[in-house]
Amino acid sequence: MVWDHINVDKPHLVYIILGGFTSLFMLCSSLIKERLYIGEATVATLCGIIFGPHAANLIDPSTWGNEDRITLEFARIVLVVQCFAVGVELPKSYMERHWRSVTFLLIPVMTFGWLVTSLFIWALVPPLNWLDSLCVAACVTATDPVLASSVVGKGKFAQRVPKHLRDLLSAESGCNDGMAFPFIYLAVYIIRYHHHPNEVALHWFCVSILYECVFGAIYGVLVGYIARRAVRFAHERDLIDRESFLVFYFVLALFCAGSGSILGVDDLLVGFACGVGFSNDGWFTEKTEESHVSNVID
């Protein structure tokens, strides 16, 4: 019978839902983003709730095997690409000219937000002590660039925000995901090495700050600079076609995600720093301005 050929497989069902949702969202994307002022992340979350195990139960990641690892890797790719995109879209030499403003938002402002959030969690979740609350607060202190897209994007709503504020928010949103690592590990090390302040200082400063963040940022800028010189060399000598030139943006972000994870550094900060180093001279942005490659990938 013909019905024997119909096989509802879970991966294929995911493809249908993902493709169908994306297609429907694209058909009314302008209405949702520029008139209702709702970002893609909110709509995607609602879609996940509707089709997830607590509602329609058509998609249940817990049946896929190691769902934590799957979720981690999907989130890693999405966030690294987003952070890389933010770094690429910044104006020419932006971080060199405005590093003081970005640093102010990242260190004192994030620290204040981290402490205040931990107090709220400590008060609202009685089983947790303050150290546990600090660890949880570090996870929610950073707002990723996906959620800031309605403000820092290129839609009608974003045009109402002054450009210098949009650029500053973009730079901060690209950095703060990676800058959450020191806050998380500080709380973790205090919990793990309780009553051993020397161990806490050693692991937090030498490993989390110097290696994962500082070295990760330097590594990202270096990768971005080398990639920029390489793609510019290939473009000037007509060695790279237009399609590969545009896709180079995405695969470089994937390289940052993989190499940063292997080295054990802050891969989100590596992605952002690589984006900054890749487009710091404004050449790539100028060449791809009409293609809107970053918005398409986003």
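As recorded in an unreviewed UniProt entry, the protein goes by the name Na+/H+ antiporter, listed as coming from Aureobasidium pullulans. Recorded in UniProt under Subcellular location (unreviewed entry), the annotation for the protein is "Membrane". Looking at the Sequence similarities (unreviewed entry) heading of the UniProt record, one finds this comment for the protein: "Belongs to the fungal Na(+)/H(+) exchanger family."

> When you look at the UniProt feature "transmembrane region" (unreviewed entry) in the protein in this model, what are you seeing that I'm missing?
Mapped onto this numbering, the UniProt entry annotates "transmembrane region" (unreviewed entry) at residues 12-29, 102-124, 201-226 and 246-265. The straight-line gap between the two end C-alpha atoms of residues 102-124 is 31 Å; of that span, 100% is helix and 0% is strand.

> Teacher, can you tell me more about helix 11 (residues 267-278) here?
Helical geometry note: an α-helix holds 3.6 residues per turn, so side chains three or four residues apart project in the same direction. A rise of 1.5 Å per residue sets the reference length of helix 11, with its 12 residues, at 16 Å; its end C-alpha atoms lie 16 Å apart and thus fit the reference within 8%. Counting buried positions along helix 11 yields 12 of 12 residues, so the element is predominantly enclosed. Taken together, the buried positions of helix 11 are Asp267, Leu268, Leu269, Val270, Gly271, Phe272, Ala273, Cys274, Gly275, Val276, Gly277 and Phe278. Here the buried face of helix 11 lies against helix 4 (67-89), helix 5 (94-124), helix 8 (163-192), helix 9 (197-236), helix 10 (242-263) and helix 12 (283-287).

> Before we go on, may I ask you to explain the environment of leucine 58 in this structure?
By the element assignment, leucine 58 lies in the loop between helix 3 (40-51) and helix 4. Sequence separation of leucine 58 and glycine 48 is 10 residues, and the distance between their C-alpha atoms is 9.8 Å. When near neighbours in sequence (up to four residues on either side) are disregarded, leucine 58 contacts Leu13, Ile17, Phe51 and Gly52.

> Would you mind going over unusual backbone geometry with me for this structure?
For residues other than glycine, phi is negative in most cases, and the peptide bonds are mostly trans. For serine 93, which is not glycine, the phi torsion reads 55 degrees and is therefore positive. In this structure, serine 93 sits in the loop between helix 4 and helix 5. A positive phi angle, close to 70 degrees, is found at histidine 195, a residue other than glycine. By the secondary structure assignment, histidine 195 is in the loop between helix 8 and helix 9.

> Help me out: how do you make sense of helix 6 (residues 130-141) in this one?
The first and last C-alpha atoms of helix 6 sit 16 Å apart over 12 residues, in line with the 16 Å expected at 1.5 Å per residue. Elements that come into contact with the buried residues of helix 6 comprise helix 5 and helix 8. One side-chain oxygen at the N-terminal end of helix 6 lies 3.2 Å from the backbone nitrogen of leucine 131; it belongs to asparagine 129.

> What is the right way to look at the pattern of salt bridges in this model?
Summed over the entire model, instances satisfying the criterion amount to seven salt bridges. Where arginine 69 meets glutamate 73, a salt bridge forms, and the shortest distance between an N and an O atom there is 3.1 Å. Of this pair, arginine 69 and glutamate 73 are both found in helix 4, four residues apart, which corresponds to roughly one turn of the helix. Residue class for glutamate 73 comes out partly exposed when judged on its relative accessible area of 28%. A salt bridge links glutamate 236 to arginine 237, with the nearest nitrogen and oxygen atoms 3.8 Å apart. Accessibility expressed as a relative area gives 52% for glutamate 236, which makes it exposed.

> Which parts of the structure should I look at to understand the packing of aromatic side chains?
Note on aromatic pairs: each is described by the distance of the centres and the angle between the planes. A full pass over the atoms with the stated rule returns nine aromatic pairs. Pairing tyrosine 189 with tyrosine 193 gives two aromatic rings, centres 6.1 Å apart and planes at 40 degrees, and the pair type is tilted. A residue is classified by how much of its surface remains accessible, and tyrosine 193, at 17% relative accessible area, is buried. Chaining the aromatic ring pairs together yields one cluster made of Phe181, Tyr185, Tyr189 and Tyr193.

Criteria and thresholds
- Residues numbered from 1 in each chain as written.
- Predicted model: local features only at pLDDT ≥ 70, side-chain atom pairs only at ≥ 80, totals over all residues.
- Heavy atoms only, no water.
- UniProt positions renumbered as here; feature names shortened; annotations may be inferred.
- Helix = DSSP H or I, 4+ residues; strand = E, 2+ residues; numbered from the N terminus.
- Expected span 1.5 Å × (residues − 1).
- Buried < 20%, exposed > 50% of the residue type's maximum accessible area, 1.4 Å probe, protein only.
- Contact = heavy atoms within 4.5 Å.
- Polar contact = N/O pair within 3.5 Å; in protein donor to acceptor, adjacent residues only side chain to side chain.
- Salt bridge = Lys/Arg side-chain N within 4 Å of Asp/Glu carboxyl O.
- Phe/Tyr/Trp six-rings, centres within 6.5 Å; stacked < 30°, edge-to-face > 60°.

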